[in-house]
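Okay, here's what each chain looks like letter by letter:
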Amino acid sequence: MTSTLTQNNINGNHHHHPQYYPSHSSSSKASIKGCCCCLFLLFSFLLLLILAIILVIVLAVKPKKPQFDLQQVGVQYVGITPNPAAIATSSASVSLNIRMGFTAFNDNKVGIKYGQSRFTIMYRGIPLGRGTVPGFYQPAHSVKRVETTIVVDRVNLLQADAADLIRDAALNDRVELRVLGDVGAKIRILGLTSPGVQVSVDCAIVISPRKQALTYKQCGFDGLSV
């Protein structure tokens with residue numbers, strides 16, 4: 001009897017004291033946080049290193065802004081036709097074929113990548129037609145010539161604008177036009193492309209309808225913007 005009670009007490013004490021196993025969750029979380037911190041510091045260091053290298057290269061190269069100028073304008077056709085059906089409103093239709101030659105100068109030690117450029121020909125603030133120059137790559141220390149043709153096909157002008165255009169063409173033999181365009185360019189250094197820069201081209205031209213020729217040209221740049 002005594003041995004039985006003793007055995008029961010031992011079994012009872014065994015049930016009242018469960019075993020505990022050590023947990024590794026806290027140490028795992030600490031290890032993950034440590035790894036993330038190390039990776040963040042590594043990436044930050046690499047990023048700063050890349051930026052420092054780019055800055056050194058830029059300072060060594062000293063890139064200059066691209067130069068894109070309108071060098072030649074050829075008048076292939078000029079047609080100004082008054083509209084007899086609407087004499088009261090002095091309407092007229094304008095047709096033009098103008099071929100423009102642009103010259104890009106690259107004085108940099110690196111190449112320049114040009115995007116597609118768009119140009120608009122205007123008469124007294126009224127857009128008559130548009131032309132485009134496809135994108136191209138220009139090597140360092142080079143000069144490249146590109147051309148585009150602006151076709152104006154019977155654009156109607158009404159009232160005062162048409163009357164002024166007819167008077168300028170018939171009496172003065174001079175029609176003042178304006179060529180506006182934006183040229184996008186990027187500098188390429190060691191396979192890396194810089195942020196794009198925008199050069200605005202603004203040219204005033206005068207054409208002679210009788211001679212079908214250009215009589216005056218003056219170009220300028222509105223500025224350089226990123």
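This structure is a prediction, so every number in the text was calculated from the model and none was measured. (Residues numbered from 1 in each chain as written. Predicted model: local features only at pLDDT ≥ 70, side-chain atom pairs only at ≥ 80, totals over all residues. Heavy atoms only, no water.)

(A) Spatial organisation of the pairing of strand β4 (residues 117–123). Counting buried positions along β4 gives six out of seven residues, so the element sits mostly inside the fold. Relative to strand β5 (residues 126–133), β4 runs antiparallel, the two sharing seven bridges. Bridge pairing in β5 links T120 to R130. Between β4 and β5, which pair antiparallel one after the other, the connecting turn spans two residues, and R124 there sits at a positive phi close to 50°. (Buried < 20%, exposed > 50% of the residue type's maximum accessible area, 1.4 Å probe, protein only. Helix = DSSP H or I, 4+ residues; strand = E, 2+ residues; numbered from the N terminus. Pairing = 2+ DSSP bridges.)

(B) Summary view of the pattern of salt bridges. Applying the stated rule across the entire model yields eight salt bridges. Between R145 and E147 there is a salt bridge; the shortest N-O distance is 3.5 Å. Here the residues in one salt-bridge network are R124, D164, R167 and D168, joined through shared partners. (Salt bridge = Lys/Arg side-chain N within 4 Å of Asp/Glu carboxyl O.)

(C) The arrangement of the state of the cysteines in detail. The full count for this structure, using the stated rule, is one disulfide. Here C203 connects covalently by a disulfide to C219, the sulfurs 2.1 Å from one another. Judged by the sign of its S-S torsion, about 115°, the cystine formed by C203 and C219 is right-handed. Here C219 lies in strand β11 (residues 213–225) and C203 lies in strand β10 (residues 197–208), a separation of 16 residues in the sequence. Given the relative accessible area of 27%, C219 is considered partly exposed. Considering cysteine sulfurs only, C38 is the nearest to C37, which forms no disulfide, with 5.8 Å between them. (Disulfide = S-S within 2.5 Å.)

(D) A look at the nonpolar core. F68, L96, M100, F119 and L177 are the most contacted members of the largest nonpolar core, which totals 38 residues. When neighbours within four sequence positions are excluded, M100 is seen to be in contact with L70, Q72, V73, F119, V146, E147, T148, I150 and V179. (Core = buried A, V, L, I, M, F, W, Y, C linked by side-chain atoms within 4.5 Å. Contact = heavy atoms within 4.5 Å.)

(E) Summary view of a nonpolar patch on the surface. Together, L39, L42, F43, F45, L46 and L49 give the surface a local cluster of nonpolar side chains, amounting to about 590 Å² of exposed area. As for its placement among the helices and strands, L46 is situated in helix α2 (residues 25–61). (Patch = residues over 30% accessible without salt bridge, like charges linked within 9 Å, V, L, I, M, F, W, Y side chains within 5 Å. Areas by Shrake-Rupley, 256 points an atom, 1.4 Å probe, with all protein chains shown as cover.)

(F) Seen up close, the packing of aromatic side chains. Within the structure shown, the criterion is met by five aromatic pairs. When the ring of F68 is compared with that of F119, the centres are 6.4 Å apart and the planes differ by 10°; the resulting orientation is stacked. With F68 in strand β1 (residues 67–82) and F119 in strand β4, this residue pair connects regions lying 51 residues apart in the sequence. Accessibility assignment for this pair places F68 and F119 in one class, buried. (Phe/Tyr/Trp six-rings, centres within 6.5 Å; stacked < 30°, edge-to-face > 60°.)

(G) Representation of the confidence of the model for the protein. Mean pLDDT over the protein: 76, with 71% of residues reaching 70 or higher. Taken as a whole, residues 222–226 scores under 50 in pLDDT and shows 13 contacts with residues more than four places along the chain or in a different chain. (pLDDT = per-residue confidence, 0-100.)

(H) Examining the environment of D164 more closely. As for its placement among the helices and strands, D164 is situated in helix α3 (residues 159–172). We classify D164 as buried; its relative accessible area is 16%. Distance in space between the C-alpha atoms of D164 and R124 is 9.8 Å, their sequence separation being 40 residues. Apart from residues no more than four positions distant in its own chain, D164 is found in contact with Y123 and R124. Side chain to side chain, D164 and R124 meet in a polar contact 2.6 Å long. (Polar contact = N/O pair within 3.5 Å; in protein donor to acceptor, adjacent residues only side chain to side chain.)

(I) Looking closely at the sheet that holds β1. In spatial order, the strands read β1-β2-β7; together these three strands make up an open sheet with antiparallel pairing. The strands lining the two open edges of the sheet, one partner per strand, are β1 and β7 (142–157). Each neighbouring strand pair of the sheet contributes to a mean axis angle of 10°, computed without reference to strand direction. Of the strand pairs in this sheet, β1 and strand β2 (residues 92–106) are connected by 14 bridges, and their pairing is antiparallel. Among the inter-strand pairings, T81 is bridged to a residue of β2, identified as S93. (Axes fitted to C-alpha atoms, helices over the stretch in contact; angles between N-to-C directions.)

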